[in-house]
Amino acid sequence: GAGVSQSPSNKVTEKGKDVELRCDPISGHTALYWYRQSLGQGLEFLIYFQGNSAPDKSGLPSDRFSAERTGGSVSTLTIQRTQQEDSAVYLCASSPGGGGYEQYFGPGTRLTVT
Amino acid sequence: QKEVEQDPGPLSVPEGAIVSLNCTYSNSAFQYFMWYRQYSRKGPELLMYTYSSGNKEDGRFTAQVDKSSKYISLFIRDSQPSDSATYLCATGDNYGQNFVFGPGTRLSVLP
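These numbers come from a predicted model, not from an experiment.

(A) Structural detail: the sheet that holds strand 7 (residues 61-66) of chain B. Residue and element names in this part refer to chain B. Reading across from one edge, 1-3-8-7-6 is the order of the five strands in this open sheet, with antiparallel pairing throughout. Of all the strands in the sheet, just strand 1 (4-6) and strand 6 (54-58) have a single pairing partner and so form its edges. In this sheet, neighbouring strand axes are inclined to one another by 20° on average, regardless of whether the strands run parallel or antiparallel. Bridge analysis of strand 7 against strand 8 (residues 71-76) gives six bridges, and the strand direction is antiparallel. Directly across from A63, in strand 8, lies its bridge partner L74.

Rendered as structure tokens:
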């Protein structure tokens, strides 16, 4: 079946612009995660959605970052007033339940802020 | 001390060798342990997950957890050039929500 998809695959933007990154999880997966991966770094947790519960936003690095998940499916991560330090690969993962130990990742969006 | 630590490598081995990849973690509440493989410019791919201590085998891959020493390992038998990738370990608590990933170990299997 179809895996997790993300768009765009690459995004180059100017400092100060807003960007939106999209994630389509595996159909039927109730949990969705966003991570950030910088060069040579591990995955940095950003936000977690589980069903209709309030999202866990504890990993968002600043109030310039926000995310929403519509209809329990597609999710959008928005970064406002981008900074150069936001340059990274943004990865989305979905999981069939709230356990989170079985996460399936998308290919990521490579964001470059110039 | 970071919650999950891995030797970043790179680790180079000849084809056919047995590879041992290791992580240490600090939080004794962690009950779930996962291994992911990440090829260059791709998303991580789940290899296997285990719960609590013990071993789990899947083909050429064996995951081992020693909770007493907070040490997790992934063994790859008969390594192949296609195994060349970065291997990430991850751990999480019993509620399955608080996951921490290690920085990954880069493995090269030379033909």
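(B) Broad picture of the pairing of strand 5 (residues 45-51) of chain B. Residue and element names in this part refer to chain B. Bridge count between strand 4 (residues 30-38) and strand 5: six bridges; the pairing is antiparallel. Residue W35 lies in a different strand from strand 5, and its bridge partner there is M48. Following strand 4, the chain reverses through six residues before pairing antiparallel with strand 5; R41 in that reversal takes a positive phi of roughly 60°.

(C) Examining the pairing of strand 8 of chain B more closely. All names here are of chain B. Sheet topology note: the strand 3 (residues 19-25)/strand 8 ladder contains six bridges and is antiparallel. What sits directly across from L21, in strand 8, is L74. Hairpin connection of strand 7 to strand 8: four residues between the antiparallel strands, including K70 at a positive phi of 55°.

(D) Just the side chain of A:Q6, in detail. All names here are of chain A. Locating Q6 in the fold gives a position in strand 1 (residues 5-7). Side-chain polar atoms of Q6 contact the backbone oxygen of Y90, separated by 3.0 Å. Polar side-chain contacts of Q6 include one of 2.9 Å to the backbone nitrogen of G108. In this structure, Q6 is in contact with R22, C23, W34, Y90, L91, C92, G106, P107, G108 and T109, ignoring residues within four places of it in sequence.

(E) Local environment of the interface of chain B and chain A. Counting residues at the interface gives 18 residues for chain B, matched by 19 residues for chain A. Both sides together, the interface formed by chain B and chain A hides about 1500 Å², and carbon and sulfur atoms give 56% of it. The interface formed by chain B and chain A contains two residue pairs in polar contact (both at pLDDT 80 or more). At the level of elements, strand 4, strand 5 and strand 10 (99-101) of chain B are the ones that each hand at least two residues to the side of chain B that touches chain A. Considering each element in turn, the side of chain B that touches chain A owes the most residues, four residues, to strand 4 of chain B. Across the side of chain B that touches chain A, the residue classes break down as eleven nonpolar, five polar and two charged.

(F) Expanded view of the nonpolar core. Within the largest apolar cluster, 24 residues are counted, with the highest numbers of intra-cluster contacts made by B:W35, B:I72, B:L74, B:I76 and B:Y87. For this core, the secondary-structure elements that each account for two or more residues are strand 3, strand 4, strand 5, strand 7, strand 8, strand 9 (85-93) and strand 11 (105-110) of chain B. With four residues, the top contributor of residues to this core is strand 3 of chain B. Beyond its immediate sequence surroundings of up to four residues, B:Y87 is in contact with B:Q6, B:L21, B:W35, B:Y36, B:R37, B:L47, B:F61, B:L74, B:I76, B:G104, B:T105 and B:L107. Ranked by size, the runner-up nonpolar core spans 20 residues in total, among them A:W34, A:L46, A:L60 and A:A88.

(G) Layout of the pattern of salt bridges. Residue and element names in this part refer to chain A. Inspection of the entire model under this criterion finds six salt bridges over all chains. For E44, the salt bridge goes to R36, with nearest N and O atoms at 3.0 Å. Across the salt bridge formed by R64 and D86, the nearest N and O atoms sit 2.8 Å from each other. One end of the pair, R64, is in the loop between strand 5 (43-50) and strand 6 (65-69); the other, D86, is in the loop between strand 7 (75-79) and strand 8 (88-95), with 22 residues separating them in the sequence.

Here is what the cut-offs are and how they apply
The numbers attached to residues start from 1 for each chain and follow its sequence in the written order. Here every chain gets a letter starting at A, and every ligand a number starting at 1, in the order they are written. The predicted nature of this model means local features are confined to residues of pLDDT at least 70 and side-chain atom pairs, given and counted, to a pLDDT of 80 or more, with totals for whole chains, interfaces and linings taken over all residues. As a rule here, side-chain values cover all heavy atoms of the structure and leave hydrogens and water aside. The criterion for strand pairing is that DSSP finds at least two bridges linking the strands in question. What counts as a helix is a DSSP run of H or I of at least four residues, what counts as a strand is a run of E of at least two, and both are numbered from the N terminus. Lines fitted to C-alpha atoms define the axes, with helix axes restricted to the stretch in contact, and inter-axis angles between N-to-C directions lie between 0 and 180 degrees. Side-chain atoms alone can form a polar contact between residues adjacent in sequence; in general such a contact is a pair of N or O atoms within 3.5 Å, and within protein one must be able to donate a hydrogen while the other accepts it. It only takes one pair of heavy atoms within 4.5 Å for two residues to be counted as in contact. As a working definition, buried area equals the accessible area (1.4 Å probe) given up by two parts on being put together, with both sides summed. In the scheme used here, Gly and all other residues not listed as nonpolar or charged are polar, with Ala, Val, Leu, Ile, Met, Phe, Trp, Tyr, Cys and Pro taken as nonpolar and Asp, Glu, Lys and Arg as charged. Nine residue types can take part in a nonpolar core, namely buried Ala, Val, Leu, Ile, Met, Phe, Trp, Tyr and Cys, and a core is a set of them joined through side-chain atoms within 4.5 Å. Think of it in three bands: residues with accessible area under 20% of the maximum for their type are buried, residues over 50% are exposed, and the middle band is partly exposed, with areas taken using a 1.4 Å probe on protein chains only. Salt bridge criterion: a side-chain nitrogen from Lys or Arg within 4 Å of a carboxyl oxygen from Asp or Glu.

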